[in-house]
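Observations on chain architecture
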Amino acid sequence: QVQLVESGGGLVQPGGSLRLSCAASGNIFNIYDMGWYRQTPGAQRDLVATTTSGGSTTYVDSVQGRFTISRDNAKNTASLQMSSLKAEDTAVYYCNADVQTIIPMRRRGYWGQGTQVTVSS
């Protein structure tokens, strides 16, 4: 099947930066949209940013201008560069990918296991 593995989370002071990475592997024919979501305890998982295979990007208003999503289609990876971090950015961040597999021939979304980002002094 398909696995998504995130890395790069951690503890950072307000105003600092972190870079999250997501690597997809497995029975992949094509990856369409990739995105980053975040979730705090007791809350729903919310969209942060997405990128299409063509490189178009969207961001939630609260991170616009501070976060940058990118991807490498050849390596099946996506990254989220986070700058000017705030305490309210603290959450578990999840990578999501819309993947077409070969066997079986199927298209569906996959999630990574999540990586904790804590913004605190």
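In case you missed it, the structure is sitting above this.
A brief report on the enclosed structure follows. Note that the structure is predicted; figures quoted are calculated from it, not measured.

1. Description of the pairing of strand β8 (residues 77–82)
Looking along a regular strand, one sees side chains alternate from face to face of the sheet. Judged from the six bridges that link them, strand β3 (residues 18–26) and β8 form a sheet pairing that is antiparallel. Opposite S21, over in β8, you have S79 as the bridge partner. Here strand β7 (residues 67–72) runs beside β8; their pairing, made up of six bridges, is antiparallel. The residue bridging T68 from the neighbouring strand is Q81, located in β8. Hairpin geometry of β7 and β8 is characterised by an intervening segment of four residues between the two adjacent antiparallel strands and by a positive phi of about 55 degrees at N76.

2. Side note on the pattern of salt bridges
Taken as a whole and assessed by the stated rule, the structure comprises three salt bridges. Residues R38 and D89 are paired through a salt bridge, measuring 3.0 Å at the closest nitrogen-oxygen approach. You can see R38 sitting in strand β4 (residues 28–39) and its partner D89 sitting in the loop between β8 and β9 (91–101), a full 51 residues away along the chain. Judged by its relative accessible area of 14%, R38 falls in the buried class. Exposure remark for D89: the relative accessible area of 1% places this residue in the buried category. A salt bridge links R107 to D98, with the nearest nitrogen and oxygen atoms 2.7 Å apart. One salt-bridge network, held together by shared partners, links R38, R66 and D89.

3. Side note on the state of the cysteines
Following the criterion strictly, the structure yields one disulfide and no others. Between C22 and C95 runs a disulfide, and the two sulfur atoms are separated by 2.1 Å. Where C22 bonds to C95 through sulfur, the torsion about that S-S bond is close to -80 degrees, and the disulfide is left-handed. With C22 in strand β3 and C95 in strand β9, this residue pair connects regions lying 73 residues apart in the sequence.

4. Concerning the sheet that holds β8
Read from one edge of the open sheet, four strands run β1-β3-β8-β7, paired in antiparallel fashion. This sheet does not close on itself; its edge strands, each paired only once, are β1 (2–7) and β7. Ignoring strand direction, the axes of neighbouring strands in this sheet form an average angle of 15 degrees.

5. Quick word on the environment of Q1
Residue placement: Q1 occurs in the segment before β1. C-alpha of Q1 to C-alpha of A87: the two residues are 86 residues apart in sequence and 36 Å apart in space. A distance of 3.2 Å separates polar atoms of two side chains, one belonging to Q1 and the other to Y110.

Scoring rules and cut-offs
- Residues numbered from 1 in each chain as written.
- Predicted model: local features only at pLDDT ≥ 70, side-chain atom pairs only at ≥ 80, totals over all residues.
- Heavy atoms only, no water.
- Pairing = 2+ DSSP bridges.
- Helix = DSSP H or I, 4+ residues; strand = E, 2+ residues; numbered from the N terminus.
- Salt bridge = Lys/Arg side-chain N within 4 Å of Asp/Glu carboxyl O.
- Buried < 20%, exposed > 50% of the residue type's maximum accessible area, 1.4 Å probe, protein only.
- Disulfide = S-S within 2.5 Å.
- Axes fitted to C-alpha atoms, helices over the stretch in contact; angles between N-to-C directions.
- Polar contact = N/O pair within 3.5 Å; in protein donor to acceptor, adjacent residues only side chain to side chain.

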